[in-house]
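What follows is the residue order along each chain.
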Protein chains: 2
Amino acid sequence: MKSFISYDTNSDFSIYNIPFGVAILADDSVACVTRIGHTVIDLATLFDQGYFDKFDLEENVFEAFTLNEFISLGKEVTVPIREHIQSLLLEGSELSKDEETQKLAFHTLPNVSMQMPVHVPNYTDFYSSIEHATNVGKMFRDPENALLPNWKHIPVGYHGRASSIVVSGTPIHRPKGQSKPKDADSPIFGPSLRLDFELEMGFITNSYTELGETISTAEAEDHIFGMVLFNDWSARDIQQWEYVPLGPFLAKNFGSSISPWVVTLEALNPFRVEGPVQDPEVFSYLQYEGKKNFDINLQTILVPEEGGENVICTSNFKYMYWNMAQQLAHHTINGCNLEVGDMYASGTISGKSEDSYGSMLELTWGGTKPLKLSNGQERKFIEDNDTIIMRGWCEKDGIRVGFGEVSGKILPAK
Amino acid sequence: MKSFISYDTNSDFSIYNIPFGVAILADDSVACVTRIGHTVIDLATLFDQGYFDKFDLEENVFEAFTLNEFISLGKEVTVPIREHIQSLLLEGSELSKDEETQKLAFHTLPNVSMQMPVHVPNYTDFYSSIEHATNVGKMFRDPENALLPNWKHIPVGYHGRASSIVVSGTPIHRPKGQSKPKDADSPIFGPSLRLDFELEMGFITNSYTELGETISTAEAEDHIFGMVLFNDWSARDIQQWEYVPLGPFLAKNFGSSISPWVVTLEALNPFRVEGPVQDPEVFSYLQYEGKKNFDINLQTILVPEEGGENVICTSNFKYMYWNMAQQLAHHTINGCNLEVGDMYASGTISGKSEDSYGSMLELTWGGTKPLKLSNGQERKFIEDNDTIIMRGWCEKDGIRVGFGEVSGKILPAK
């Protein structure tokens, strides 16, 4: 496939991608958009110009502040629409000759401002990387029995805060809170001293299900519209003091950052790979057929205040022990209902090697092995005015499909 | 105060209450409503008849599927509007003589169907009863050190699932899930065998705050519109297997039930009482002035399939160790942002005496002391086709203000 819009060969946003997002455009209007290379395409204007007439939609679903309405049409509609957009962007297409519409609908990237792609009604965070769970267990519990007994039987997860999920580029203030230093008698209060990122990916659902309804692993992917990069900012000192017995709370809910472009499962299809062997065998409702893992290269970059990118982690989404279909089957086995736009994050994605660990906690082994930056500084955890950038992309047979990045700067505590 | 609408002296819905809810009316229209005795009053129709003209509202905020828009006006507007509604319902008022409007706006209870009063964007559950936390700690952890070290320093809380909060009367299917019997080598899968209620109350917020913003204990009640009864259904066997290390998940998110009438903090003002002395002293951001506890009588009733009410628990909201102002100050100390309609539940409300315990887990002490029902049956936990009803009311100086009830029937697993 070749688009009439030119882009670099290493662009995440090739003709094979066709992701969806929401942007404030040059005239301050808001619309659902897609992207090729550095060109952002206003889908609401394409709609107005008649380019989606054959789909018989009742209204312009792209003239919206979020993708939720479009997503809620379900894959029956959104998959053909994405394919249609892809065909519109090919060399020789009707749109390629329609300069008037191009003038109205095509924007170059610095002139648009990317917004939250979806309204998120519910947010769940899983804990599905065996390497991450093992590393955390070794540090905080028992090195000999790092993995808790339930871990290989259930895709452990918990509910997070939906309100504080923000789009890439939104700065985050260092949270204040209680913590208890190791040998202190009583807790202290102040800005977190062990602020961390967690390298995750999130998937977004496209349906409302009924309370009591279950979703099988075979059905699960029909309910998944697409994926984003997800930074689950975490205050380790607050977390360690507060998390027993009901889990993380203020250590996490001060902010989570996502990439603005939702990459569809269809765009990721060529990059499917086998998941790890699960032993012991899982219950039948968690068993699945086919390739449900995805080979997505992941990077985390730390940029100190004075600039300079330091790649501090190189991981891959294919390392996940539990896949998305299993996560959704588990989430609904008790009848819990889904909503359109729900966010389901993977948990920190760590690999086996030390440079693939998806958090400062693991990379510096609890602050005992500081990272060296290119400017000569060291980091045990994130400092004020550091920026954390995560990138993700797939590459195979000369085809590249990526997520761009999720970026967030830590500002001093308020 | 005396209303021209007559009601029983023991009605929760006296002229002093004026709660808010949402109902499907006889003509299938939906509107925000209030209630006196058994009379439900359609506020959208009162609005159309000009009864709120003096408030200069841009649109009929009561012509809505939820209270969110009304609540979002803030107390500056909602408090005078509630007082105005109260004055309209007094003997001798303009409305008392306007039979035409009464015919349009007044309904009797069996002819309306109460709906979810608010759309809930975020749901947090606290754990703020010292008696409950102590009982659970004794059963599951160490009887000698039942309370965890953090409990008296922080109002422990965690995020719950917003999508599965349902209104009173909605039946709930028994959840299926994994659990691990005490001496088994591996987990089992099936319908929960230890299904429980949790007697809680929830408060609802009325504002959007910015990420990074904190709310002091002095400001907190300005952000609280009102309260409801809250049944946090819990599957104890699923919970015990899944909850380490990230907290309850499928054990809770299959359903939570709330009462349909939101009772405002203003209606509860006469029933304020001192809270317990907090020792050790809490951090300054958790300190507060004035009476922040409320004397609200609570009851839980179990009705087996063949009928007959069994009062199995008699508790009181005044037992709470941590009050709502402290909960909200804690929730935002890290900059977590609030949204209009957010639900904040108290955690199980247990008192000191054995008949005041707010869950079957505590009442039967983990199933070891079954409850005897009036029909001769016993209950360790909730059985299929049992209905759980919770009631709550305040009474003082001849004034009664109450919540009505939250009721839910457990259906067999699907």
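Residues numbered from 1 in each chain as written. Chains lettered and ligands numbered in written order. Predicted model: local features only at pLDDT ≥ 70, side-chain atom pairs only at ≥ 80, totals over all residues. Heavy atoms only, no water.

### Some points on the domain arrangement of chain A
All names here are of chain A.
Step number 1: What the domain assignment lists for chain A is domain 1 (21–114) and domain 2 (123–411).
Step number 2: Between the C-alpha centres of domain 1 and domain 2 the distance comes to 30 Å.
Step number 3: Summed over both partners, the interface of domain 1 with domain 2 comes to about 1300 Å²; 69% of that surface belongs to carbon and sulfur atoms.
Step number 4: In this structure, the connection of domain 1 to domain 2 is made through one salt bridge.
Step number 5: Of the charged contacts in the structure, one is a salt bridge between Lys-75 and Glu-266, with a shortest N-O distance of 2.9 Å.
Step number 6: If you list the elements that add at least two residues to the side of domain 1 that touches domain 2, you get β2 (30–36), α2 (68–71) and α3 (75–88).
Step number 7: Take the side of domain 1 that touches domain 2: its biggest share by element is four residues, from α3. (Domains from an automatic or database assignment. Buried area = accessible area lost by both parts, 1.4 Å probe. Salt bridge = Lys/Arg side-chain N within 4 Å of Asp/Glu carboxyl O. Helix = DSSP H or I, 4+ residues; strand = E, 2+ residues; numbered from the N terminus.)

### Describing the relation of the copies chain A and chain B
There are two copies of the chain, and a rotation about an axis plus a shift along that axis relates them.
Step number 1: For these two chains of identical sequence, chain A goes onto chain B by a turn of 180 degrees and a shift of 0.0 Å along the axis, with RMSD 0.0 Å. Both chain copies can therefore be described as sitting about a two-fold axis. It is Gly247(A) whose C-alpha, among those of chain A, lies nearest the rotation axis, at 2.1 Å.
Step number 2: Mapped onto chain B, 100% of the interface residues of chain A again fall at the interface, so both copies present the same surface. (Least-squares fit on C-alpha atoms with pLDDT ≥ 70 in both. Contact = heavy atoms within 4.5 Å.)

### Some words on the side chain of His84(A)
All names here are of chain A.
Step number 1: Mapping His-84 onto the fold places it in helix α3.
Step number 2: A relative accessible area of 12% places His-84 in the buried class.
Step number 3: Those residues in contact with His-84, other than ones at most four positions away along the chain, are Tyr-51, Phe-52, Lys-54 and Phe-55. (Buried < 20%, exposed > 50% of the residue type's maximum accessible area, 1.4 Å probe, protein only.)

### Observations concerning the environment of Glu362(B)
Residue and element names in this part refer to chain B.
Step number 1: Positionally, Glu-362 belongs in helix α11 (residues 360–363).
Step number 2: Expressed as a C-alpha distance, the spacing of Glu-362 and His-132, which sit 230 residues apart in the sequence, is 7.8 Å.
Step number 3: Excluding anything up to four places from it in sequence, Glu-362 contacts Glu-131, His-132, Asn-135, Met-139, Thr-348, Ser-350 and Tyr-357.

### Details of the pairing of strand β20 (residues 297–303) of chain B
Residues and elements named next belong to chain B.
Step number 1: Among the seven residues that make up β20, six are buried, leaving the element largely enclosed by the rest of the structure.
Step number 2: Taken together, β20 and the strand that follows it, strand β21 (residues 310–316), pair antiparallel across an intervening segment of six residues, in which Gly-307 is found at a positive phi of about 95 degrees.
Step number 3: Bridge count between β20 and strand β25 (residues 387–396): seven bridges; the pairing is antiparallel. Its bridge partner lying in β25, Thr-300 is registered against Met-390. (Pairing = 2+ DSSP bridges.)

### Let's talk about the UniProt feature "domain: Fumarylacetoacetase N-terminal" (unreviewed entry) in chain A
Step number 1: Under the local residue numbering, the UniProt record ascribes the feature "domain: Fumarylacetoacetase N-terminal" (unreviewed entry) to residues 17–117 of chain A.
Step number 2: When the span residues 17–117 of chain A is considered, its composition is 35% helix and 20% strand, and the gap between its end C-alpha atoms is 16 Å. (UniProt positions renumbered as here; feature names shortened; annotations may be inferred.)

### Describing the pattern of salt bridges
Step number 1: Counting across every chain of the model gives 36 salt bridges over all chains.
Step number 2: Between Arg400(A) and Asp12(A) there is a salt bridge whose closest N-O contact spans 3.0 Å. Pair noted here: Arg400(A) is in strand β26 (residues 399–411) and Asp12(A) is in the segment before β1 (21–24), with a separation of 388 residues, a long-range link. Taken as a pair, Arg400(A) and Asp12(A) share a single burial class, namely buried.
Step number 3: Two residues, Arg236(B) and Glu198(B), come together in a salt bridge whose shortest N-O distance is 2.8 Å. Highlighted residues: Arg236(B) in helix α8 (residues 236–242) and Glu198(B) in the loop between β12 (195–196) and β13 (199–205), separated in sequence by 38 residues.
Step number 4: With a relative accessible area of 4%, Arg236(B) lands in the buried category.
Step number 5: Accessibility expressed as a relative area gives 4% for Glu198(B), which makes it buried.

### Thoughts on the interface of chain A and chain B
Step number 1: On the chain B side, the residues contacting the 57 residues of chain A number 57 residues.
Step number 2: For the chain A and chain B pair, buried surface summed over both sides reaches about 5300 Å², with 64% attributable to carbon and sulfur atoms.
Step number 3: Together, Arg161(A), Leu246(A) and Phe249(A) form the three largest contributors to the area buried by chain A at its contact with chain B, with a combined 15%.
Step number 4: The interface formed by chain A and chain B holds two salt bridges in total.
Step number 5: Viewed at the interface, chain B and chain A are joined by 24 residue pairs in polar contact (both at pLDDT 80 or more).
Step number 6: Among the secondary structure elements, those contributing two or more residues to the side of chain A that touches chain B are β6 (123–126), β7 (157–159), β10 (176–179), β11 (188–191), α8 (236–242) and α10 (324–332) of chain A.
Step number 7: With three residues, β7(A) is the single largest residue contributor to the side of chain A that touches chain B.
Step number 8: The residue inventory of the side of chain A that touches chain B, partitioned by class, reads 32 nonpolar, 17 polar and eight charged. (Polar contact = N/O pair within 3.5 Å; in protein donor to acceptor, adjacent residues only side chain to side chain. Nonpolar A, V, L, I, M, F, W, Y, C, P; charged D, E, K, R; others polar.)

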